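As a plain string of letters, each chain reads:
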Amino acid sequence: MRIIVGAAIIEDGRVLACERSDPPETAGRWEFPGGKVEPGEAEIDALVRECEEELGVRVEVGERVGGDVPMANGRSVLRVYTAVLLDGDRPQALEHAQLRWLAVDELGEVPWLPADAPIVAALPAFLA
């Protein structure tokens, strides 16, 4: 089973949301940055790598948010971790249409990808 990791990057009680620009079937939907864990790669290392590639930032990965979220008809699973930006790094939309910081009362303002919905539901405890 393929593991997909995501980062709930938290700063000042807000979480970073990223709007997909492609593929067309998911463009305009929002997600947490991240991606596939490569063979032989640890989940945390994959998440650090993906944040560098997608956002141009370095992060320190924290605890898991929610449980495993089945994806691709059970062929993969999403695991999301909290993360914080290191050394004043600022995210850039290198692979996304736009980025937005959302407070707990703003989480419902963007159309999340279905796989991210259970993670969004678990986030308020981390944004307090």
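To keep things clear, this report deals only with the structure shown in the data block. The structure presented is a predicted model; accordingly, all values stated were derived computationally and were not measured.

Further remarks concern the side chain of D89. Position of D89 among the secondary structure elements: in the loop between β6 (76-85) and β7 (96-103). In this view, D89 contacts V57 and R58; residues no more than four positions away in its chain are not counted.

Attention shifts here to the nonpolar core. One finds V15, F32, L107, W112 and L123 to be the most contacted residues of the largest nonpolar core, which totals 20 residues. Looking at this core, the elements that each hand over two or more residues are β1 (2-11), β2 (14-20), β5 (59-71), β6 and α2 (117-122). At 3 residues, the largest contribution of residues to this core is made by β1. Beyond its immediate chain neighbours, meaning those up to four positions away, F32 contacts A7, A8, V15, L16, W112, D116, I119, V120 and L123. Judged by nonpolar contacts, the second largest core, of 17 residues, contains V5, V61, Y81 and A83.

The buried count for β2 comes to 5 of 7 residues, which makes it a mostly enclosed element. Strand direction decides the pairing type here: β1 and β2, joined by 2 bridges, are antiparallel. The residue bridging I10 from the neighbouring strand is V15, located in β2. Linking β1 to β2, which pair antiparallel, is a turn of 2 residues; within it D12 sits at a positive phi near 50°. In the sheet, β2 pairs with β7 via 7 bridges, with the strands oriented antiparallel. Following the sheet pairing, L16 is matched in β7 by W101. Bridge count for β2 against strand β3 (residues 30-31) is 2 bridges, and the pairing is antiparallel. Each bridged residue has a counterpart across the sheet, and for E19 the counterpart in β3 is W30.

Each value, and the rule that gives it
Residues numbered from 1 in each chain as written. Predicted model: local features only at pLDDT ≥ 70, side-chain atom pairs only at ≥ 80, totals over all residues. Heavy atoms only, no water. Helix = DSSP H or I, 4+ residues; strand = E, 2+ residues; numbered from the N terminus. Contact = heavy atoms within 4.5 Å. Core = buried A, V, L, I, M, F, W, Y, C linked by side-chain atoms within 4.5 Å. Buried < 20%, exposed > 50% of the residue type's maximum accessible area, 1.4 Å probe, protein only. Pairing = 2+ DSSP bridges.

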